[in-house]
Amino acid sequence: HGKVAVTYFEWAGASEQRVVVPWRIVDGPESAGSVASEIMAAPIRRAARTSISGALLFGMKLFDESGQRGIRRVIDVSGDGANNSGTLVTIARDEVVSQGITINGLPIMLKRPSYSTMDIELLDKYYEDCVIGGPAAFVIPVKDRDKFVEAIRTKLVLEIASLPPEPRVIR
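These lines cover the structure that appears in this document, whether it is placed above or below. (Residues numbered from 1 in each chain as written. Predicted model: local features only at pLDDT ≥ 70, side-chain atom pairs only at ≥ 80, totals over all residues. Heavy atoms only, no water.)

Our next topic: helix H5 (residues 148-161). Relative to the 20 Å expected for 14 residues at 1.5 Å per residue, H5 spans 20 Å between its end C-alpha atoms, a close match to the ideal helical length. For H5, the full list of buried residues reads Ala151, Lys155, Leu158 and Glu159. Buried residues of H5, viewed axially, fall in a sector of 95°; they line one side. Turned more than 90 degrees away from the buried face of H5, the exposed residues are Val149, Arg153 and Ile160. Those residues of H5 hidden inside the fold are in contact with strand E3 (73-79) and strand E4 (101-107). (Helix = DSSP H or I, 4+ residues; strand = E, 2+ residues; numbered from the N terminus. Expected span 1.5 Å × (residues − 1). Buried < 20%, exposed > 50% of the residue type's maximum accessible area, 1.4 Å probe, protein only. Arc of directions from axis to C-beta. Contact = heavy atoms within 4.5 Å.)

So this is what it looks like as structure tokens:
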């Protein structure tokens, strides 16, 4: 159809979600550049806790505010830790998926896991098992800072083109 409706929000704890870019139609390079500029202009915010479940439930409600009726609805979750606040992530995931929304994940695995901060070593597997869901859902882990832009681009292309990623061999 040549266009997508997008919104961008940041999240942390169970009740810490903030829309950075309200719903926009992206239908070409100019509108895509405008959305990217708005995201880049937003101040970097740090907050405690990780509530993937809170983000999923917040994102689900945003679709009602979009003013659009798309062919597909997708929530992209990017984060560097496991759910440690709010509702169990699998309960939130199942509720979101039951509404016909696909959840894709981009686990950011750049820091050394620490038990004191409740980090887990195999965050990508956690996302596969507990976070993503819906038709053609996928995970693209980021394990190298230099690969972050490539991972975001790959994720967006797969979502917009609705192509599943290549299967991975797991030993």
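Counted according to the given criterion, the structure contains five salt bridges. The shortest N-O distance in the salt bridge between Asp76 and Lys155 comes to 3.7 Å. Here Asp76, found in strand E3, pairs with Lys155, found in helix H5; they are 79 residues apart in sequence, far enough to count as distant. What makes Asp76 partly exposed here is its relative accessible area of 33%. Of the charged contacts in the structure, one is a salt bridge between Arg93 and Asp94, with a shortest N-O distance of 2.9 Å. For Arg93, a relative accessible area of 13% gives the class buried. (Salt bridge = Lys/Arg side-chain N within 4 Å of Asp/Glu carboxyl O.)

Axis separation between helix H3 (residues 89-98) and helix H4 (residues 123-131) bottoms out at 9 Å; the angle between their running directions is 55°. Comparing their axes, H4 and H3 come out oblique. Of the residues in H4, those in contact with Val89, Thr90 and Arg93 of H3 are Tyr126, Asp129, Cys130 and Val131. Across the contact of H3 with H4, the residue classes break down as four nonpolar, one polar and two charged. (Axes fitted to C-alpha atoms, helices over the stretch in contact; angles between N-to-C directions. Parallel < 35°, antiparallel > 145°, perpendicular 65-115°, else oblique. Nonpolar A, V, L, I, M, F, W, Y, C, P; charged D, E, K, R; others polar.)

Where E3 and E4 come together, seven bridges link them in parallel fashion. Note that in E4 the partner of Arg73 across the bridge is Ile101. With respect to chirality, the unit in which E3 leads through H3 into the neighbouring parallel E4 is right-handed. (Pairing = 2+ DSSP bridges. Right-handed = clockwise from strand over helix to strand, strands pointing away.)

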